[in-house]
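# Results of the structural survey
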Amino acid sequence: MKNSRTHQDSEFNSAGIGYWKNEEPIEETWSDYKWQLKNRITNLNTLEKHLNLTSDERNGVLLSGDKLALSITPYFLNLIDTDDHNCPIRKQVIPSIEEITTSPEEMTDPCEEDSHMPVPGLVHRYPDRVLFLVTDRCASYCRYCTRSRVVSGAGDQEFETNYEAAFEYLKNNTSIRDVLLSGGDPLLFSDSKLEAILKRLRSIDHIEFIRIGTRIPIFLPQRITSELCSMLKKYHPLWMSVHSNHPREITTEVAEALGRLADAGIPLGNQSVLLKGVNDDIPTMRALVHKLLQCRVRPYYLYQCDLISGSAHLRTSASKGIEIIEGLRGHTTGYAIPQFVIDAPGGGGKVPINPEYVIERDETKLVIRNYEGKSFIYPEPKIPVMSPLEPSAMMHE
Ligand SMILES: *Cc1c(COP(=O)(O)O)cnc(C)c1O
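What counts and what doesn't
Residues numbered from 1 in each chain as written. Predicted model: local features only at pLDDT ≥ 70, side-chain atom pairs only at ≥ 80, totals over all residues. Heavy atoms only, no water. Core = buried A, V, L, I, M, F, W, Y, C linked by side-chain atoms within 4.5 Å. Buried < 20%, exposed > 50% of the residue type's maximum accessible area, 1.4 Å probe, protein only. Helix = DSSP H or I, 4+ residues; strand = E, 2+ residues; numbered from the N terminus. Domains from an automatic or database assignment. Contact = heavy atoms within 4.5 Å. pLDDT = per-residue confidence, 0-100. Axes fitted to C-alpha atoms, helices over the stretch in contact; angles between N-to-C directions. Parallel < 35°, antiparallel > 145°, perpendicular 65-115°, else oblique. Left-handed = near helix turned anticlockwise from the far one by under 90°. Nonpolar A, V, L, I, M, F, W, Y, C, P; charged D, E, K, R; others polar. Near = heavy atom within 4 Å. Polar contact = N/O pair within 3.5 Å; in protein donor to acceptor, adjacent residues only side chain to side chain. Areas by Shrake-Rupley, 256 points an atom, 1.4 Å probe, with all protein chains shown as cover. Pairing = 2+ DSSP bridges. Right-handed = clockwise from strand over helix to strand, strands pointing away. Salt bridge = Lys/Arg side-chain N within 4 Å of Asp/Glu carboxyl O. Phe/Tyr/Trp six-rings, centres within 6.5 Å; stacked < 30°, edge-to-face > 60°.

### A look at the nonpolar core
Among the nonpolar cores identified, the biggest contains 94 residues, and Leu47, Leu170 and Leu232 are the most heavily contacted of them. Ranked by the residues each element gives to this core, the list is headed by helix α11 (residues 252-263), at five residues. Viewed by domain, this core spans two of them, domain 1 (19-95) and domain 2 (114-352), each represented by three or more residues. Filtering out sequence-adjacent residues up to four positions away, Leu232 remains in contact with Leu194, Leu198, Ile212, Leu238, Met240, Leu261 and Ile266.

### Examining the confidence of the model for the chain
For residues with low pLDDT, the predicted coordinates do not support detailed interpretation. The share of residues in the chain with pLDDT of 70 or more is 93%, and the mean pLDDT across the chain is 93. Every residue in residues 1-7 scores below 50 in pLDDT, and together they form 24 contacts with partners more than four places removed in sequence or on other chains.

### Concerning the packing of helix α12 (residues 282-294) against helix α13 (residues 318-328)
Running from N to C, α12 and α13 cross one another at 55°; their axes reach a closest spacing of 9 Å. Taken together, the axes of α12 and α13 are oblique relative to one another. Crossing angle aside, the handedness with which α12 passes α13 is right-handed. Where α12 approaches α13, its residues Ile282, Met285, Arg286 and Val289 are matched on the opposing element by Glu323, Ile324, Gly327 and Leu328. Taken together, the residues of the contact of α12 with α13 sort by class into five nonpolar, one polar and two charged.

### Description of the site of the ligand
Around the ligand, the neighbouring residues are Val123, Arg125, Tyr126, Arg129, Leu131, Leu180, Arg211, Tyr300, Tyr301 and Lys350. At 2.5 Å from an oxygen atom of the ligand is found a side-chain nitrogen or oxygen belonging to Tyr301. Protein chains shield 91% of the accessible area of the ligand, which is 390 Å² for the free molecule. Looking at the shell around the ligand, the elements with two or more residues in it are β1 (122-126), β2 (129-133) and β7 (297-304). For the shell around the ligand, the element with the highest residue contribution is β1, accounting for three residues. Here the shell around the ligand is composed, by residue class, of six nonpolar, no polar and four charged.

### Considerations on the sheet that holds β2
Taking strand neighbours across the sheet as the criterion, the nine strands line up as β1-β2-β3-β4-β5-β6-β7-β8-β9 in an open arrangement whose pairing is mixed. This sheet does not close on itself; its edge strands, each paired only once, are β1 and β9 (349-352). Across the sheet, the mean angle from the axis of one strand to that of its neighbour is 30°, orientation sign disregarded. The pairing of β1 with β2 spans three bridges and is antiparallel. Within β2, the position partnered with Tyr126 by the bridge is Arg129. Strands β5 (238-243), β6 (268-274) and β7 of the sheet are contacted by α11, whose axis makes an angle of about 140° with β6. Against the sheet, α13 touches β6, β7 and β8 (339-344), its axis set at about 160° to β8.

### Structural notes on the pairing of β5
Along β5, five of the six residues are buried, which leaves the element largely enclosed by surrounding structure. Direction of pairing for strand β4 (residues 209-214) relative to β5: parallel, over a ladder of five bridges. Counted as the bridge partner of Ile210 is Leu238 from β5. Regarding topology, α11 serves as the crossover connection from β5 to the parallel β6, and that connection is right-handed.

### A look at the pattern of salt bridges
Taken as a whole and judged by the stated rule, the model has 24 salt bridges. A salt bridge links Glu208 to Arg177, with the shortest nitrogen-to-oxygen separation between them at 3.0 Å. Here Glu208 is found in the loop between α8 (191-202) and β4, whereas its partner Arg177 is found in the loop between α7 (163-172) and β3 (178-182), with 31 residues between them in sequence. Taking the relative accessible area as the measure of exposure, Glu208 reaches 47% and is therefore partly exposed. Owing to a relative accessible area of 27%, Arg177 belongs among the partly exposed residues under this scheme. One salt bridge in this structure joins Arg215 and Glu249, with 2.7 Å as the shortest N-O distance. Of this pair, Arg215 sits in the loop between β4 and α9 (216-219) while Glu249 sits in the loop between β5 and α11, and the two are 34 residues apart along the sequence.

### Structural notes on the packing of aromatic side chains
Taken as a whole and judged by the stated rule, the model has eight aromatic pairs. Centroid distance Phe76 to Phe219: 4.7 Å. Interplanar angle 90°. Geometry classified as edge-to-face. Highlighted residues: Phe76 in helix α5 (residues 74-77) and Phe219 in helix α9, separated in sequence by 143 residues. When the ring of Phe209 is compared with that of Trp239, the centres are 5.3 Å apart and the planes differ by 55°; the resulting orientation is tilted. Separated by 30 residues along the polypeptide, Phe209 in strand β4 and Trp239 in strand β5 bring together distant segments of the chain. Note on Phe209: relative accessible area 16%, which makes it buried. On the basis of relative accessibility, which here comes to 39%, the residue Trp239 falls in the partly exposed class. Taken together through their ring pairs, the aromatic side chains of Phe132, Tyr163 and Phe167 make up a single cluster.

Written as structure tokens, this is what we have:
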């Protein structure tokens, strides 16, 4: 039973119930997240029952499995257009043979996270916040995963997190006011296991701000139960960053899940990765950010794809990202515009990359341009301001 789905990006459509070629009625179980998890598509045999693969995809499934596992929730698989081999949903989760080729510039740990871990599982790169990797498993695996060296359990490197040492480190480092739970996907934990972590974090006075980075609202919206939301809201201020790349991912199921989270008072952000043939054009990104705003999600970051090994076929130029931001700024709601960033190779952290709106600048004025390309002059104050870089200013330090 093929679901009739329109592919108009601006409309909210359901992913539908049941696989295209599934004969059994599964309506009762489809909305049960445990059923969705148990029935994830993890091997070639099952995948080929539901989808005609190209030989590149078929070989990709066979050969890339020892780097990053294949896993797709039935719900998300249903979003794939069976007839379109360039389907933007398909490219994100179906392996391609191109994954086994590593370009010279590519790395297994492009953001040098492993060397920034004071204790296993805790990445401490910035002065006041840490990234806490609590699990190596996700509901489905993104083929461009920046952490594929450890995520999914298929690769050679073993995932390691030492909870007690991590909590001890957080307790002893009073400069840490912000903890970002990620992985893997923290929402894969049971409510009680996740609550135990949140409780420990909340028992540390100097931790003001907790965030969860998750793609579960997109891969498995059924997981966002009212029980989960009631638990989460006890640990405010709790923010959440979701991960969506294409407007078709924002289905009615996802919109409802995001609504439940927003109703629980959780401020929502979205992180997108710029991917070739998926979202590297202005109309697609515009449709995505507009849908996100309708779901009370603020587009947060647009990432230039990390130099993860085997990702060359999904990466596009940084100028594409700049062009997209330029195509949004001024043309649409300011809230809809994410910050385009490059997570600097070698561990420099996130660096904002912006279109150039300052045409000319000296001590007396700035020549700026607006979104339509018209230029304007802003005169600087007449009183000379001492530059912090002048030697005389530095002497006072
Ligand atoms: C992205 C990231 C953070 C959070 O950065 P924000 O800009 O505050 O969202 C923290 N630590 C690490 C290691 C990160 O990669």
